[in-house]
Amino acid sequence: MSSHFIPNYVPMIAGNEKNYLSECIETGWLSSVGPFVDKFERGFADFHGMKAACAVSSGTAAIHLGLLALGVMPGDCVLCPSLTFIGSVNPITYCGAEPVFIDIDKTTLNMDMSVLDDFFSQETVQKRAEGTFYNGKKIAAVIAVHLYGNPADMDALMELSRTYHVPVLEDAAESLGALYKGKRVGTIGDIGVFSFNGNKVITSGGGGMILSPDSEKVRECKHLSTQAKSDAIDFIHDKIGFNYRLSNLCAAVGCAQMEKLEDFIEKKITLALAYKELSEKSTCIEIVDEPPDCRGTYWMVLARTKQDLMFPIKDFIKEIHASGCGIRPVWYPIRHMDMYKNNMFFGPGSDDEAYGSTFCLPSSASLTQDDAQRVISTIENFFKET
């Protein structure tokens, strides 16, 4: 067996990153004002067929600003999936609102829209002029997470959004380039947000982006991201803003990565297909496929155990990791964490089942067929020996 460790994910630097960073240094444009910030926003908006975009310091910051632009206020509640990254949920509390957790679909791991439908019909009250309320609190938004590169069921969600007059924020942090029935994720709801952390589909070394079909919402996010300065010369601010703008250095890396985006996605799909082929005859695991009529990006290729584990999945992951393959667990259900354990959760508990049976395979775009073979063989051997 090869002795090198196969990490879970490493970024692929394959283009103009060094050239663009050198240009920043040579010209002195380093901070949140600079030509690469504008170029990154324009290119990102064009890629998604949108008029404008707002580049910020992280995906979490993008969600925070997006919620504010949707009008989320203290005392409201926001619906979100129970299994996602913590950065999808914490911004709700930054706004002074309350997260309400909706269970996930066992097949896709995205929010279960039938459970969401039941929640609206069983737990909420509609007040025609004011909106939809849960437990006396206005439901100010629904966050749909396109988890691990797989698009959520946006048709069902947008129908519920229209019925109950609740806006939708798409968290596409993990799914840049994914398609839902031919539409790019992040362009279907009222606001779409993305992340460029070091392990995302593309990276800017850290950063995020906000899109919306409503250009005024993008302008509001950009205003808030620059401390809400209202005077071009004097330091006058008209709202409580934030220091959330993306730096020119990070944007330079993002511009270079955008030039390779489709190539990265193609490599990741090829890797996922290799994993699928290698696991087709497996009695131990199966690969979680993209939803019908969608193109997933397989940010993380997910595998699901076919047999009940007689031990915590954490122990299984530690063993495979020690064997040289960097698998990792899916996100831990946030409703069990101390700060959210008293929040409302609605659903049968599919998030717990997914957490106990699903894990992320090494998914770097640079991995080869041989790497995939080694990962699958290591997992198969583990099950044969236990």
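Refer to the structure printed above.
Computed from a predicted structure; not experimentally measured. (Residues numbered from 1 in each chain as written. Predicted model: local features only at pLDDT ≥ 70, side-chain atom pairs only at ≥ 80, totals over all residues. Heavy atoms only, no water.)

*Asks:* So what exactly am I meant to see when it comes to unusual backbone geometry here?
*Replies:* Excluding glycine, most residues fall at negative phi; most peptide bonds, likewise, are trans. Positive phi, normally seen in glycine, also occurs at Tyr148, with a value near 55 degrees. Take Tyr148: it is sitting in the loop between β6 (137–145) and α6 (154–164). With relative accessibility at 1%, the residue Tyr148 sits in the buried group. If you check the backbone angles, His165 has positive phi at about 55 degrees while not being a glycine. Here His165 shows up in the loop between α6 and β7 (168–171). (Helix = DSSP H or I, 4+ residues; strand = E, 2+ residues; numbered from the N terminus. Buried < 20%, exposed > 50% of the residue type's maximum accessible area, 1.4 Å probe, protein only.)

*Asks:* Sorry, what's going on with the packing of aromatic side chains here?
*Replies:* Two aromatic rings, taken as a pair, are described by how far apart their centres are and by the angle between their planes. Going through the model one piece at a time under the given rule, you end up with 19 aromatic pairs. Ring centres of Tyr148 and Trp299 lie 5.8 Å apart, and the angle between their planes is 15 degrees; on these two criteria the pair is classed as stacked. In this pair, Tyr148 is assigned in the loop between β6 and α6 and Trp299 in the loop between β13 (294–295) and β14 (302–305), connecting sequence segments 151 residues apart. On the basis of an interplanar angle of 40 degrees and a centroid distance of 5.5 Å, the ring pair of Phe316 and Phe383 is categorised as tilted. With Phe316 in helix α10 (residues 313–322) and Phe383 in helix α12 (residues 369–385), this residue pair connects regions lying 67 residues apart in the sequence. Using a relative accessible area of 9% as the deciding quantity, one classes Phe383 as buried. (Phe/Tyr/Trp six-rings, centres within 6.5 Å; stacked < 30°, edge-to-face > 60°.)

*Asks:* For this particular structure, what's the right way to read the packing of helix α2 (residues 35–47) against helix α8 (residues 248–258)?
*Replies:* Any two packed helices are characterised by the angle at which their axes cross and by the distance between the axes. Running from N to C, α2 and α8 point in directions that differ by 35 degrees, and their axes come no closer than 8 Å. Along this stretch, α2 crosses α8, giving a crossing that reads as left-handed. Residue-level inspection shows Pro35, Phe36, Val37, Lys39, Phe40, Gly43, Phe44 and Phe47 of α2 in contact with α8, the latter providing Asn248, Ala251, Ala252, Gly254, Cys255 and Met258. Looking at the contact of α2 with α8 residue by residue, the class counts come to 10 nonpolar, 3 polar and 1 charged. (Axes fitted to C-alpha atoms, helices over the stretch in contact; angles between N-to-C directions. Left-handed = near helix turned anticlockwise from the far one by under 90°. Contact = heavy atoms within 4.5 Å. Nonpolar A, V, L, I, M, F, W, Y, C, P; charged D, E, K, R; others polar.)

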